[in-house]
Amino acid sequence: MSNLVRTTCPYCAVQCNFDLHLEGGMAVRITPTRECPVAGGTVCKKGLAALSDLRHEDRLTTPLLRMGGELRPVSWEVALSMFAARVGPILDRDPARLALFGSGALTNEKTYLLGKLARVGFRTPSIDYNGRFCMSSAAAAMNRSFGLDRGLGFPLSDIARSDLILLFGANVAETLPPVMQFLKGAKDRGAQIVNIDPRVTPGLAQTQLAPYPGTDHLIAGLLLKFLNEWGRVRPSAPAEGMQEVLASVAGLTLSGVSGATGIDEAALWKLARQYAQAHRPLILSGRGPEQQVNGTDTVSALINLAFLSGHFGRPGGGYSTLTGQGNGQGGREHGQKNDQLPGYRHLANAADRAHMADFWGVPEASLPGVGKSAQELFLACGSEIEAMIIIGSNPAVSAPGAALVRERLAALDFLVVIDFLPSETALLADLVLPGSMWAEEEGTTTNLEGRIQRRRKAMTAPGLAREDWQILCDLAHAVGRGEKFRYADFTTLQTEFFAATKGGKADYSGLSAERLETQTFQWPVPHAEHVGTPQPYFAPYQTATGQANLIPVAMTVPARAPLTLTTGRIANQYQSGTQSRRNPGLKGVPEVQIHPDTARLHGLSHGQSVRWQGPHGEAVLPTCITPKIRPGVAFVAFHWPGSANELTGADTLDPHSRMPAFKSGALTAHPLLEVAAAVQPSPVFATD
Ligand SMILES: Nc1nc2c(c(=O)[nH]1)N[C@H]1C(S)=C(S)[C@@H](COP(=O)(O)OP(=O)(O)OC[C@H]3O[C@@H](n4cnc5c(=O)[nH]c(N)nc54)[C@H](O)[C@@H]3O)O[C@H]1N2
Ligand SMILES: Nc1nc2c(c(=O)[nH]1)N[C@H]1C(S)=C(S)[C@@H](COP(=O)(O)OP(=O)(O)OC[C@H]3O[C@@H](n4cnc5c(=O)[nH]c(N)nc54)[C@H](O)[C@@H]3O)O[C@H]1N2
Ligand code: SF4
Ligand SMILES: [Mo]
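Residues numbered from 1 in each chain as written. Chains lettered and ligands numbered in written order. Predicted model: local features only at pLDDT ≥ 70, side-chain atom pairs only at ≥ 80, totals over all residues. Heavy atoms only, no water.

The next thing to look at is the overall build of the chain. Across its full length, the chain carries 21 helices and 29 strands. Computed over the C-alpha atoms, the radius of gyration of the chain is 24 Å, within 12% of the 26 Å expected from 2.2 N^0.38 for a compact globule of 688 residues. A principal-axis box enclosing the C-alpha atoms of the chain has dimensions of 70 × 65 × 50 Å. When each of the 688 residues of the chain is scored for burial, the buried share is 63%. Put simply, 73% of the contacts in the chain that link residues at least 6 apart link residues at least 24 apart. Taking the average location of the 62 positive side-chain charges in the chain and that of its 61 negative ones, the two points are 4 Å from each other. (Helix = DSSP H or I, 4+ residues; strand = E, 2+ residues; numbered from the N terminus. Rg over C-alpha atoms; globule rule 2.2 N^0.38 Å. Buried < 20%, exposed > 50% of the residue type's maximum accessible area, 1.4 Å probe, protein only. Contact = heavy atoms within 4.5 Å. Lys, Arg positive; Asp, Glu negative; His and termini not counted. Charge placed at Lys NZ, Arg CZ, Asp CG, Glu CD.)

See the structure below:
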């Protein structure tokens, strides 16, 4: 291996490139590179600090088996024979009772292998992944209107062409920092930026609008109603459902939407005028409007607005979601989702099933059907689900109603976690298998623009840790189902993966490690001379009729709790925090942000320790009083055990996407007197 290895960041969906400097086989320094095709050398502090967890003292370097109530180091031989002893009989009896749970943090190749392991190896329908908690609402809405779900429909650099950018619940400065340069590029050319978020988040916006959580569909609906009244509806292409959509917003009024959103009428009116007059407006959504019980419908309302104003499909205009995890895009394309086969094929589609069965050389009838979604799998643990394998996710912290989810995970007969650090979920497991970190493996990831890039191996996993792809194959062999999991090396797996996508919507079959050595490609890339597809959204769309299907959505006003909880992220922490909480370069503490008016109403003071009550549990957290949040709303980040997900609801799911309503809940505050005692972390998580 050379002393300089260029690879991609392990964290978010921007997928910045940087160089790893090696000394004695160890990465000792990270330097950004101007040659990065995504962000041109801009990285954020999480990326720069990413080295620290590679050889963290908590790094898992041996399999761990629960014996006498404690996790103890064992050999791979013991670990795998225990897996066979506990999981083999379940597979013989009823494979559906074994569940697999994957992640948008996994490379495309691992995603593909996990899906194949479930369908071909174990023959279980029970597989889903954490993208259900992330991208599922946006994906469902794009699929039902266009038959295609590729995050950004153009390269990031096209954002500069927009003259009006509406950010709906996307805290770009903190969650996708290098994207700011593209917003700045547009602003420097005269664009207006409007930030629509119950909190004032950092950024470049000239206008801040703070809606009550869960009311974004009403804003989009009102803007469309005005466009219609002003004679400015111009469909971007032939579409079905246009009249129904226009009828669905006709009853909205300025005063009604103002009352429901809490945004004053003049500001809503101004926004409608700005949108109507813009030449190339761009609507970008983050998790704010998407992680709602009506998240799919809300995204449809944003799509309808972008489409009927004539801007959908234009570079730098229209609508797009901003993908979150490092491989959040590729992670939703290749088969770890409950209803999916590689290449964005569908498990319930007869032709897709036949194609993949033929590719894998198995009878079509042996492929299982569509299984439960993520949260439904967790809630079925201990009843319909007896054993589970989790890779790349930490639901003990990140799942909604986490206390209930931990209870369900503990009720499993056998929980296997593949991780490289002892996450809170790993600490609940019966068997922990030490996997590979980003710098220790080859693979590809697909970023928020649908751009496929190489992750390169720079060093070898420590101790007995193995590369994740090998572990997945080991599990198949352990239960005597390894026939289709014999790969001579990683390249053999990667080549099979690229070929498996051929003919699918997300077609990567024109790729090879050699092509990716020097170039990146936006999918589809259907053959070896193909240069990729920067703009995939054009008519005829990939729907049954070729027309866009515009979906009218209910313009209902959500019930408002006295104190509404919303949740999300901070710049200095990443996800469930397994990595970032251990990183001395990344600071941050859990707290509940509320407005001074809310504090007065509930008799709370700054820094005061409070017991906050959610539907299934409670959390003791300090109060942070800030004017940068709308009154009546509380914000809690979810990066710590004992934080946001102790307070979110476990069973409020969007009916279309099965996305949990992470961003709207009810909270009750109980001020505590014994502050010092109350802020002690819960003993369950004493390792952190
Ligand atoms: N630093 C950091 N960066 C990350 C991550 C991380 O954990 N840390 N995670 C990555 C991942 S997986 C993802 S998915 C992305 C997420 O990136 P974002 O979507 O930007 O992140 P969130 O903080 O979840 O939510 C964005 C905003 O939505 C607002 N919001 C809450 N409710 C509503 C609502 O009802 N309407 C509107 N309009 N806004 C609302 C919140 O106040 C918040 O500021 O970030 C990625 N990047
Ligand atoms: N309240 C609230 N909850 C939320 C959200 C919210 O906004 N509010 N956002 C949701 C969203 S958008 C997301 S994406 C989820 C994320 O939450 P999780 O699904 O828990 O994802 P991570 O925290 O990234 O967990 C990754 C785990 O896998 C490990 N890991 C990372 N990469 C790899 C790998 O390549 N191989 C292996 N073997 N292990 C790996 C890490 O060490 C860590 O323990 O949280 C969701 N939960
Ligand atoms: S923006 Fe995302 S990909 Fe880039 S360095 Fe930061 S975390 Fe990594
Ligand atoms: Mo996410």
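For the rest of this paragraph, the subject is the site of ligand 3. Contacts to ligand 3 come from Cys9, Tyr11, Cys12, Gln15, Cys16, Val43, Cys44, Lys46, Gly47 and Pro178. Of the residues in the shell around ligand 3, the class split is 7 nonpolar, 2 polar and 1 charged. (Near = heavy atom within 4 Å. Nonpolar A, V, L, I, M, F, W, Y, C, P; charged D, E, K, R; others polar.)

Turning next to the sheet that holds strand β3 (residues 26–32). The 3 strands are arranged β1-β2-β3 in an open sheet whose pairing can be described as antiparallel. Edge positions in the sheet fall to β1 (4–8) and β3, since each of these pairs with one other strand and no more. Direction aside, the axes of adjacent strands within the sheet are offset by 35° on average. Looking at chain direction, strand β2 (residues 17–23) and β3 are connected through 6 bridges and run antiparallel. Residue pairing across strands places phenylalanine 18 opposite proline 32, the latter belonging to β3. (Pairing = 2+ DSSP bridges. Axes fitted to C-alpha atoms, helices over the stretch in contact; angles between N-to-C directions.)

Attention now moves to the site of ligand 2. Taken together, 32 residues lie near ligand 2, and Ser393, Ser398, Asp419, Asp468 and Ser576 sit nearest. Taking lysine 110, its side chain carries an N or O atom lying 3.1 Å from an oxygen atom of ligand 2. At 2.7 Å, a side-chain N or O of asparagine 130 approaches an oxygen atom of ligand 2. Against a free-state accessible area of 910 Å², the protein chains account for coverage of 97% of ligand 2. Contributing elements (two or more residues each) for the shell around ligand 2: β17 (414–419) and β23 (564–568). Looking at which domains feed residues into the shell around ligand 2, each of domain 2 (64–132 + 327–486) and domain 4 (564–685) gives three or more. (Polar contact = N/O pair within 3.5 Å; in protein donor to acceptor, adjacent residues only side chain to side chain. Areas by Shrake-Rupley, 256 points an atom, 1.4 Å probe, with all protein chains shown as cover. Domains from an automatic or database assignment.)

This part is about helix α9 (residues 254–261). Along α9, the residues classified as buried are Val257, Ser258, Ala260 and Thr261. Down the axis of α9, the buried set is contained in an arc of 170°. They therefore lie on one face. At its buried positions, α9 is contacted by α7 (216–229) and α10 (265–277). A positive phi of about 80° marks glycine 262, the residue just after α9. (Arc of directions from axis to C-beta.)

Let's shift gears to the domain arrangement of the chain. On domain assignment, one finds that the chain holds domain 1 (4–53), domain 2 (64–132 + 327–486), domain 3 (136–321) and domain 4 (564–685). Counting residues at the interface gives 9 residues for domain 1 and 9 residues for domain 3. Around 550 Å² of area is buried between domain 1 and domain 3 when both sides are counted, 74% of it from carbon and sulfur atoms. On the surface where domain 1 and domain 3 come into contact, there are 0 salt bridges. (Buried area = accessible area lost by both parts, 1.4 Å probe. Salt bridge = Lys/Arg side-chain N within 4 Å of Asp/Glu carboxyl O.)

This paragraph deals with the pattern of salt bridges. Counted according to the given criterion, the structure contains 33 salt bridges. In this structure, the salt-bridge partner of arginine 481 is aspartate 92, at a minimum N-O distance of 4.0 Å. Here aspartate 92 lies in helix α2 (residues 76–93) and arginine 481 lies in the loop between α17 (468–478) and α18 (490–500), a separation of 389 residues in the sequence. Judged by relative accessible area, arginine 481 falls into the partly exposed class, the value being 24%. Judged by relative accessible area, which is 65%, aspartate 92 ranks as exposed. Of the charged contacts in the structure, one is a salt bridge between arginine 93 and glutamate 386, with a shortest N-O distance of 2.9 Å. Highlighted residues: arginine 93 in helix α2 and glutamate 386 in the loop between α14 (374–379) and β16 (387–391), separated in sequence by 293 residues. According to the relative accessible area criterion, arginine 93 is exposed, its value standing at 54%.

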